[in-house]
Structures are given as C-alpha cells and as structure tokens.
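# Understanding the architecture of this molecule
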Amino acid sequence: MEIKIRNDYITLGQFLKLTDFIQSGGEAKAALQELEITVNGVVENRRGRKLYSGDQVVIEGHVFLIQ
C-alpha cells in the first residue's frame, strides 16, 4: 500500500498512528516493542526514525511504501 506524505519525512511513531496501528502517540513506544517492524529490510524500534519517500515499511506483514 502506498502512503503519501506532505513533508520531506514522517517519523515512525507518526506513521504508526497514520496507519491506525496505534491510536495515540503515547502508544508508540509499547507498539515498537510488540510489533514486528522493518524499514527497508532492517528491524526498527526507534519511534523517531525518519521515513522518507521511497522507504518501505513492513509492519506485521503489511507492506507500505512511502511516497
């Protein structure tokens, strides 16, 4: 699924909220501990990780492409 962002980047925590994996920013830290998340094939657990156009994020088997 393609996700379009308006700015140069979006943080992983914001991305989780945008894709409805979490309901609030406060849930991001716990979600990163519980969910299997990779960014461009590398396991990621930093909520502040910046995602740019062209990045591929996989959350629990759901594939997203940042545009």
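Okay, so let's go over this structure.

Below, the discussion takes up the pattern of salt bridges. For side chains of opposite charge, pairing can occur when their charged atoms come near one another. Counted according to the given criterion, the structure contains 3 salt bridges. Its salt-bridge partner being E44, residue R46 comes within 2.7 Å of it at the nearest N-O pair. Put simply, R49 and E44 hold a salt bridge, and the shortest N to O gap is 3.2 Å. Several salt bridges converge on common partners, so that one network encompasses E44, R46, R49 and D55.

All right, on to the packing of aromatic side chains then. Inspection of every chain in the model, using the stated rule, returns 3 aromatic pairs. Both rings, one in Y9 and one in Y52, keep their centres 5.8 Å apart while their planes meet at 55°; by these two values the pair is tilted. Of this pair, Y9 sits in strand β2 (residues 9-11) while Y52 is found in strand β5 (residues 50-52), placing the two residues 43 residues apart along the sequence. Judged by relative accessible area, Y9 falls into the partly exposed class, the value being 35%.

Conventions used here
- Residues numbered from 1 in each chain as written.
- Predicted model: local features only at pLDDT ≥ 70, side-chain atom pairs only at ≥ 80, totals over all residues.
- Heavy atoms only, no water.
- Salt bridge = Lys/Arg side-chain N within 4 Å of Asp/Glu carboxyl O.
- Phe/Tyr/Trp six-rings, centres within 6.5 Å; stacked < 30°, edge-to-face > 60°.
- Helix = DSSP H or I, 4+ residues; strand = E, 2+ residues; numbered from the N terminus.
- Buried < 20%, exposed > 50% of the residue type's maximum accessible area, 1.4 Å probe, protein only.

In short, geometric facts, not functional conclusions.
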